[in-house]
Amino acid sequence: MNIKKDDKLLVSKIENGTVIDHITSGRALVVLKILNIKGNEGYRIAIVMNVPSTTMGKKDIVKLEDYYPNSEDLEKISLIAPSATINIIKNYEIVKKYKVEIPSKIKGTLKCNNPTCITRKSNEPITSSFTLLSRDKIRIQCDYCGSILTEEDIIKELVGESQ
Amino acid sequence: MGWLNRDIVNVLDFNREDLELLFSKADEMRRELKDNHVKKILSDKIIGLAFFEPSTRTRMSFETAAKRLGAETVGFTGEEGTSVAKGESFADTIKMLDSYVDSIVLRHKYEGAALFASDIADHPIINGGDGRSHHPTQAFLDLYTTKTLFNEIDGLTFALIGDLKYSRTVSSLIFGLSMFKPKEIILISPPQLSLREEIKMFALNHGLKLREERDISVISDADVIYVTRIQKERFPDLQEYEKVRGSYKITKKLLETYAKKTAKVLHPLPRVDELSPDVDNTTYQAYFIQASLGVPLRMALLSLVLGGE
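Since the structure is predicted, the reported quantities are computational estimates derived from the model, not experimental observations.

Trainee: What is the right way to look at the environment of Leu158(A) in this model?
Mentor: Looking at the secondary structure, you find Leu158(A) in helix H4 (residues 151–159). Those residues within four positions of Leu158(A) in sequence are excluded, and the remaining contacts are Ile34(A), Lys76(A), Ile80(A) and Leu110(A).

In structure tokens, the structure reads:
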């Protein structure tokens, strides 16, 4: 599939910040929710959705001026957009580029979706912990209660709604 | 791996060799009980019984087992009357009790409570049931009862009937059966109470042959007919409970019509209305034998974990 020249002209380059590329198509807004960016923080943000991609068919892109996600944010992004690449931009140039990676153990990043899992009990010094079961079709298992969370479940836990 | 000072949280923390050692130790305990000659090998031990959820058999059989071996017990049933009712955390309660006793037998409504307690406590945690997740000592007992009745576990067909979704004894039994070679496991339940996906997947990944059925007549293939109560207390919505309440019942007539003459009915108990009292005086009844074996089995367990040789 060819990318039309006009499509490329839609979004200008950013001077400094982060470009999150190769986001699973339709998930750009979820990525922003995960980063807790509502739009009124003052960052210049560009969101490109459902554009053609040679490797993915379609993809989303988020460009964030003067914003750099932390490692916990990246872990969350890896769970809902496992192909995402992170480009750190300085003076209009990519200075660092890497793929997000789903860790084999996911600790404290998201809550278990089982309301009677011990990790959901209030006032207890406990951190949620999941083991990655499958990377292709993402599935993780709670180490405490054994519940299996699918990609949809993970999105619900991370942003509070299904997509 | 052995048993000494181990936490007993999940059946899968052990292997077939461990279970066979446990069963032979339980046989030994049965002989000692029969001869009225039980050695007081745990006379210097105190066992904490922390039952945050109600229990009859598990708590009493552990308490009896401990006392038969000469140990003392301390503990509580229900959160009323403890500082948990004042808002004390589970973690603090376990930490405190751990400093008093040599081992804690724990029951809790939250899944994963026993694993969390084992993170906190230095002494062995014995899971007496956590939510719908695990009930390892019941699974050990179910397997031991089967072995006692049939002399083996390999090659038998098990029919698991009832609330396969919320019953922790069912998931723990399936974990236990994965260490043996049963011929087949037949799952019979109302559609709303089917075995949870994660347990089904586990069984299939571990070479267990599962067959899901709705018609109770398939008990004709079973050697062990394992009946469970609908776990009312674990339904998020009581209206859903009402829909499945009374949806199956094992009776003497049903067993005489369909079951093999040599089949045995097990039930972790308590029963409500899913298993008729008219089965009690038939040759199928094995649930009272199962309950009685709870004491020697738990004696064996305590002696192996606490090292009372």
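Trainee: I tried to follow the domain arrangement of chain A on my own but got confused; where do I start?
Mentor: The extent of an interface is frequently quoted as the accessible surface area lost upon association of the parts. Residues and elements named next belong to chain A. Each assigned domain of chain A is listed here: domain 1 (5–99) and domain 2 (105–159). The centre of domain 1, based on its C-alpha atoms, is set 25 Å off from the matching centre of domain 2. Facing the nine residues of domain 1 at the interface are nine residues of domain 2. Broken down by secondary-structure element, the contributors of at least two residues to the side of domain 1 that touches domain 2 are helix H2 (28–34) and helix H3 (71–80). With five residues, the top contributor of residues to the side of domain 1 that touches domain 2 is H3. For the side of domain 1 that touches domain 2, the residue count by class is five nonpolar, no polar and four charged.

Trainee: What is the right way to read the domain arrangement of chain B from this model?
Mentor: All names here are of chain B. The domains assigned to chain B are domain 1 (11–134 + 292–306) and domain 2 (136–291). Each of domain 1 and domain 2 was reduced to a C-alpha centroid, and the two centroids are 24 Å apart. Tallying the contact residues gives 24 residues for domain 1 and 25 residues for domain 2. For the side of domain 1 that touches domain 2, the secondary structure elements donating two or more residues are helix H1 (16–34), strand S4 (125–130) and helix H10 (287–306). Sort the elements by how many residues they give to the side of domain 1 that touches domain 2 and H10 lands first, with six residues.

Trainee: Is there a simple way to explain the pairing of strand S2 (residues 45–53) of chain A in this structure?
Mentor: Along a regular strand, successive side chains alternate from one face of the sheet to the other. Residues and elements named next belong to chain A. As paired strands, S2 and strand S3 (residues 57–65) are joined by seven bridges and run antiparallel to one another. Paired with Val 51 across the bridge in S3 is Lys 59. In sequence, S2 turns back onto S3 through a hairpin of three residues.

Trainee: What is the right way to read the sheet that holds strand S8 (residues 224–227) of chain B from this model?
Mentor: Sheet strands pair by backbone hydrogen bonding; their relative direction is either parallel or antiparallel. Residue and element names in this part refer to chain B. Strand order in this open sheet of five strands is S7-S6-S5-S8-S9, and the pairing throughout is parallel. In the strand order of this sheet, the two ends are held by strand S7 (210–213) and strand S9 (264–266), each with one partner. The average angle at which neighbouring strand axes cross in this sheet is 20°, direction not considered. The sheet contact formed by S8 and S9 spans three bridges and is parallel. Note on S9: the bridge partner recorded for Val 224 is Lys 264.

Trainee: I'm lost on the interface of chain B and chain A in this one. Help?
Mentor: In this assembly, 14 residues from chain B lie in contact with 16 residues from chain A. Secondary-structure elements contributing two or more residues to the side of chain B that touches chain A are helix H3 (90–100), helix H4 (113–120) and helix H7 (197–205) of chain B. Ranked by residues supplied to the side of chain B that touches chain A, first place goes to H4(B) with three residues. Its residues placed into classes, the side of chain B that touches chain A shows six nonpolar, four polar and four charged.

Trainee: Is there a simple way to think about the confidence of the model for chain B in this case?
Mentor: Detailed reading of the predicted coordinates is not advisable wherever pLDDT is low. Confidence in the prediction for chain B averages 94 pLDDT; 99% of positions are at 70 or higher. Predicted complex metrics record ipTM = 0.90 and pTM = 0.90.

Trainee: What am I meant to see in H10(B) here?
Mentor: A turn of α-helix holds 3.6 residues, and therefore any two residues three or four places apart point the same way. Residues and elements named next belong to chain B. With 20 residues, H10 should cover 28 Å at 1.5 Å per step; its first-to-last C-alpha distance of 28 Å lies within 8% of that length. Taking the largest bend as the criterion, H10 deviates by roughly 30°, centred on Gly 294, and proline Pro 296 comes between one and four positions later. Here H10 lies mainly inside the structure; 16 of its 20 residues are buried. Positioned one or two residues after H10, Gly 307 has a phi angle of 70°, which is positive.

Trainee: Can you walk me through the packing of helix H2 (residues 57–68) of chain B against H10(B) in this structure?
Mentor: For any two helices packed against each other, one specifies the crossing angle of their axes together with the interaxial distance. All names here are of chain B. As a packed pair, H2 and H10 sit with axes 8 Å apart at the nearest point and diverge in direction by 55°. On the basis of their axis angle, the class for H2 and H10 is oblique. In this structure, H2 crosses over H10, and the sense of that crossing is right-handed. Here H2 contributes Arg 57, Ser 61, Phe 62, Thr 64, Ala 65, Ala 66 and Arg 68 to the contact with H10, which in turn contributes Ala 291, Gly 294, Val 295, Arg 298, Met 299 and Leu 302. For the contact of H2 with H10, the per-class residue count stands at seven nonpolar, three polar and three charged.

Trainee: For this particular structure, what's the right way to read the nonpolar core?
Mentor: What tends to happen in soluble globular proteins is that the nonpolar side chains get buried as a cluster. Membership of the largest hydrophobic core comes to 122 residues, with the highest contact counts inside it found for Val31(A), Ile104(B), Ala159(B), Ile225(B) and Tyr226(B). In terms of residue count, H10(B) provides more of this core than any other element does, 11 residues in total. Aside from chain neighbours lying at most four places away, what touches Ile104(B) is Gly48(B), Ala50(B), Ile94(B), Leu97(B), Asp98(B), Ala117(B), Ala121(B), His123(B), Ile125(B) and Ile126(B).

Rules behind the numbers
Residues numbered from 1 in each chain as written. Chains lettered and ligands numbered in written order. Predicted model: local features only at pLDDT ≥ 70, side-chain atom pairs only at ≥ 80, totals over all residues. Helix = DSSP H or I, 4+ residues; strand = E, 2+ residues; numbered from the N terminus. Contact = placed C-beta atoms within 7 Å. Domains from an automatic or database assignment. Nonpolar A, V, L, I, M, F, W, Y, C, P; charged D, E, K, R; others polar. Pairing = 2+ DSSP bridges. Axes fitted to C-alpha atoms, helices over the stretch in contact; angles between N-to-C directions. pLDDT = per-residue confidence, 0-100. Expected span 1.5 Å × (residues − 1). Bend = angle between axes of the 7 residues up to and from the residue. Buried ≥ 20, exposed ≤ 12 C-beta atoms within 10 Å, placed from the backbone. Parallel < 35°, antiparallel > 145°, perpendicular 65-115°, else oblique. Left-handed = near helix turned anticlockwise from the far one by under 90°. Core = buried A, V, L, I, M, F, W, Y, C linked by C-beta atoms within 7 Å.

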